[in-house]
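As a plain string of letters, each chain reads:
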Amino acid sequence: MFPGNWSWPPDFIYRRRGGSSFNRIEDDLRAEASSSVGGGEDVYNDRAKPEHLVIMVNGINGRYDCSACNYAKLTFDGVDTMGERLAEEVLSVVSENPRMRKISFVAHSLGGLVARYAIGSLYKSVPKSEPSCINGNHLNEENTNTLMPSLGQCQGKIAGLEPMNFVTVATPHLGSIGHKQLPFLCGLSFLEKSAPQTAHLIVGRSGKHLFLTDNDDKKPLLLRMVNDCDDLKFISALRVFKRRVAYANANYDHMVGWRTSSIRRQSELPKADQLVVSDITYPHIVRIERESSHYEHNGVPSEVMLGWEEEMIRGLTQVSWERVDVSFQKSRQRFIAHNTIQASEEVLVEFRWC
């Protein structure tokens, strides 16, 4: 979890060789910072406290300099338990850094579901008539002049902060149930039918959530997470972010299928001739679909589409998403695309608190 300014934290230096698709997230966020600050000048300096909190959330059994509360076997505890822990950690960091005013999430794999749960817990609605605020406190003239302009009036906050970017990378938004949603099973029906009954033996409650087998008294958790539910405002929380982006591997991801990571129906997946490299700077980005939601599905829906998967797609597309399709087909790292999408082989990460 790293504090920083408007975009990717200036005190978080992230260098890579070979340019994974994840570099584009950094550049996009920096571009937003340049356009939002007069003259493109970075407002960060060694004397200022960081004002933008960027939470990086890892997936199952991972920890890549991310939030500290969910790692290794703790990632088997289930999306809800992990989400609650993440929410508590965010609140703790915010309370220790009262100058924080903006918040973003960048999550990989299962971490995207954990982040969606956490923001549902951290969301608080704010009346339109209420003045802009930081951590729930009204601004006064003295500190207003030291902050970036155009905060405006807010309709919802996450942990008392203004929500900016919600980015998921190879996240199984629709779970792992269904044909080729867990690609390493090779689409074999007998394996896909048996996986839901055995997943919990390998990855605990997280496996039950991914395969939607946690329906003891209510709907499975992933189905509940596509709408506001009781005191957990999952969709309201997603809606208040200025930008929502879903990065997805179009091929060679053996852990998370293309449909589930890009929140699409099978018929909505781009055809092969639509996957074209358009920017040599990011040769693995093969398609960008900006700010799309409310898909219209043509043709005869399958049994799966009439069921849980369709319900999740309709729920999640109540808000718009930017979809970024990635392909490592020509890369030597294509067989580990699930991890390559977030990091290339040679990574140097440095960070400091100022």
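This text goes with the structure placed above it.
Heads up: these notes are all about the structure in this document. This is a predicted model, so every value here is computed, not measured.

### Quick word on the layout of surface pockets
- Computed from the structure, the largest pocket encloses a volume of approximately 530 Å³.
- Lining the largest pocket are 25 residues, with Ile60, Leu182, Val203, Leu210 and Met255 positioned closest to its centre.
- Along the lines of polarity and charge, the residues of the lining of the largest pocket split into 15 nonpolar, ten polar and no charged.

### Digging into the packing of aromatic side chains
- In the structure shown here, the tally under the stated rule is five aromatic pairs.
- Measuring from ring centre to ring centre gives 5.5 Å for Tyr252 and Phe335, while their planes differ by 85 degrees; the resulting arrangement is edge-to-face. Of this pair, Tyr252 sits in the loop between strand 12 (243-249) and helix 8 (258-262) while Phe335 sits in the loop between strand 14 (321-326) and helix 10 (337-340), and the two are 83 residues apart along the sequence.
- An aromatic cluster is built from Phe105, Phe166 and Phe241, whose rings are joined through pairwise contacts.
- Residue placement shows Arg334 over the ring face of Tyr252; its charged tip is 5.8 Å from the ring centre.

### So, helix 9 (residues 308-316)
- Listed in full, the buried residues belonging to helix 9 are Glu309, Glu310, Met312, Ile313, Gly315 and Leu316.
- If you follow the buried residues of helix 9, they end up packed against helix 3 (110-122), helix 6 (221-224), helix 7 (234-239), helix 8 and strand 14.

### Some remarks on the environment of Leu316
- With respect to the element layout, Leu316 can be found in helix 9.
- Residue class for Leu316 comes out buried when judged on its relative accessible area of 0%.
- A C-alpha to C-alpha distance of 8.6 Å links Leu316 and Met225, two positions 91 residues apart in sequence.
- Setting aside residues no more than four positions away along its own chain, Leu316 makes contact with Arg116, His173, Leu174, Val226, Ile235, Leu238, Ile263 and Trp321.

### Comments concerning the pattern of salt bridges
- Scanning all chains against the criterion turns up 15 salt bridges.
- Close ionic contact of Glu289 with Arg264 constitutes a salt bridge, the shortest N to O distance being 3.6 Å. Of this pair, Glu289 sits in strand 13 (residues 285-292) while Arg264 sits in the loop between helix 8 and strand 13, and the two are 25 residues apart along the sequence. Neither Glu289 nor Arg264 differs from the other in exposure class; each is buried.

### Details of helix 3
- Between the first and last C-alpha of helix 3 there are 19 Å, a value that for 13 residues agrees with the 18 Å anticipated at 1.5 Å per step.
- Three or more residues of helix 3 are buried, namely Leu110, Gly111, Gly112, Leu113, Val114, Ala115, Arg116, Tyr117, Ala118, Ile119, Gly120 and Leu122.

### Let's talk about the pairing of strand 4 (residues 102-108)
- The element strand 4 is largely enclosed, with a buried count of seven among its seven residues.
- Here strand 4 shows a buried face lined by Lys102, Ser104, Val106 and His108 and a second buried face lined by Ile103, Phe105 and Ala107.
- In this sheet, strand 4 lies alongside strand 3 (residues 52-57) in parallel orientation, the contact comprising six bridges. Considered in strand 4, the bridge of Val57 is made with Ala107.

Cut-offs and rules
- Residues numbered from 1 in each chain as written.
- Predicted model: local features only at pLDDT ≥ 70, side-chain atom pairs only at ≥ 80, totals over all residues.
- Heavy atoms only, no water.
- 1 Å grid on protein atoms, 1.4 Å probe; cavity = no way out; pocket = protein on both sides within 12 Å on 5 of 7 lines; lining within 4 Å.
- Points joined across faces, edges and corners; volume = space filled by probe spheres on them.
- Nonpolar A, V, L, I, M, F, W, Y, C, P; charged D, E, K, R; others polar.
- Phe/Tyr/Trp six-rings, centres within 6.5 Å; stacked < 30°, edge-to-face > 60°.
- Helix = DSSP H or I, 4+ residues; strand = E, 2+ residues; numbered from the N terminus.
- Lys NZ or Arg CZ within 6 Å of the ring centre and 35° of its normal.
- Buried < 20%, exposed > 50% of the residue type's maximum accessible area, 1.4 Å probe, protein only.
- Contact = heavy atoms within 4.5 Å.
- Salt bridge = Lys/Arg side-chain N within 4 Å of Asp/Glu carboxyl O.
- Expected span 1.5 Å × (residues − 1).
- Pairing = 2+ DSSP bridges.

Nothing here speaks to function; it is geometry throughout.
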